[in-house]
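Read off the chains here:
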Amino acid sequence: MSVSAVCPGSFDPVTYGHVDVIERAAARFDRLVVACLHNRGKEPTFPLAERIALLEDVTGHLDNVEVADFEGLLVDFCRARGIELVVKGLRAVSDFEYELQMAQMNGRLGNVETLFMTTSPVYSFLSSSLVKEVARFGGDVADFVPPVVADRLRERLG
Ligand code: PNS
């Protein structure tokens, strides 16, 4: 039986922490869809098309990974794609409470299970927001994001 999973997120922008979870999930499932949220209610730093292009760039070496965008409920995206597994990275206990709520809501709304993957300790402090703050103040983000993302951060945030 072929097992598909979805790895959802805002990816604004994708970091090495995301890439780590995507690579490890891709090694364990037959197909992994990285689903990038198109949230019309919130202005992201990077437009959807750019977030998708960056995700495609940094996952290009993974044959069983595809990148897609989604809007609305994750469970609807899963249903439309025939996916019943959601994979989320957990960095710390502080992530857990909200992630647990989302997992249980998604389980209630649709036939989806959420599997949590602990992030590698080297990336457990990373978030897109923090990386943007470092970039905004001219700090070096080379350890936190792939080079193509670092270039975009420099262009956009200075
Ligand atoms: O990278 P993020 O911002 O932590 O990702 C959050 C995301 C996109 C996974 C979450 O906001 C989401 O699934 N949004 C879609 C709307 C939805 O399904 N909400 C109900 C789940 S509780």
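Structure: see above.
Residues numbered from 1 in each chain as written. Predicted model: local features only at pLDDT ≥ 70, side-chain atom pairs only at ≥ 80, totals over all residues. Heavy atoms only, no water.

Asker: Please clarify how the overall build of the chain should be interpreted in this entry.
Answerer: From N to C terminus, the chain includes six helices and five strands. What you see in the chain, going N to C, is helices and strands ordered as β-α-β-α-β-α-β-α-β-α-α. The globule rule puts the C-alpha radius of gyration for 158 residues at 15 Å, and the 15 Å found for the chain is close to it. Expressed along its principal axes, the backbone C-alpha trace of the chain runs to roughly 45 × 30 × 30 Å. The proportion of buried residues among the 158 residues of the chain is 46%. Intrachain contacts of the chain at a sequence separation of at least 6 include 76% that bridge at least 24 residues. (Helix = DSSP H or I, 4+ residues; strand = E, 2+ residues; numbered from the N terminus. Rg over C-alpha atoms; globule rule 2.2 N^0.38 Å. Buried < 20%, exposed > 50% of the residue type's maximum accessible area, 1.4 Å probe, protein only. Contact = heavy atoms within 4.5 Å.)

Asker: Where do I start with helix α2 (residues 48-58) in this structure?
Answerer: One full turn of an α-helix is made of 3.6 residues, so residues set three or four places apart face in the same direction. Among the residues of α2, those classed as buried are Leu48, Glu50, Arg51, Ile52, Leu54, Leu55 and Val58. Buried positions along α2 lie against α1 (16-26), β2 (31-37), β3 (65-70) and α6 (147-157).

Asker: How do you make sense of helix α4 (residues 93-109) when you look at a structure like this?
Answerer: Counted at 1.5 Å a residue, the expected span for α4 with its 17 residues is 24 Å, and the 25 Å between its end C-alpha atoms agrees. Along α4, the sharpest kink reaches roughly 25°, centred on glutamate 99. Along its buried surface, α4 packs onto α3 (74-81), β4 (85-90) and β5 (113-118). (Expected span 1.5 Å × (residues − 1). Bend = angle between axes of the 7 residues up to and from the residue.)

Asker: Is there a simple way to explain the environment of phenylalanine 144 in this structure?
Answerer: Within the fold, phenylalanine 144 resides in the loop between α5 (128-136) and α6. Judged by its relative accessible area of 18%, phenylalanine 144 falls in the buried class. Separated by 121 residues in sequence, phenylalanine 144 and glutamate 23 place their C-alpha atoms 16 Å apart. If near-sequence neighbours (up to four positions away) are discounted, phenylalanine 144 is found in contact with Thr15, Tyr16, Phe125, Leu126 and Val131.

Asker: Which parts of the structure should I look at to understand the layout of surface pockets?
Answerer: Empty space among the atoms becomes apparent when a probe as large as a water molecule is rolled across them. By volume, the largest pocket is sized at about 1200 Å³. Lining the largest pocket are 43 residues; nearest its centre among them are Pro8, Gly9, Ser10, Lys88 and Glu99. At the level of elements, β1 (4-9), α1, β4, α4 and α5 are the ones that each hand at least two residues to the lining of the largest pocket. Ranked by residues supplied to the lining of the largest pocket, first place goes to α4 with eight residues. (1 Å grid on protein atoms, 1.4 Å probe; cavity = no way out; pocket = protein on both sides within 12 Å on 5 of 7 lines; lining within 4 Å. Points joined across faces, edges and corners; volume = space filled by probe spheres on them.)

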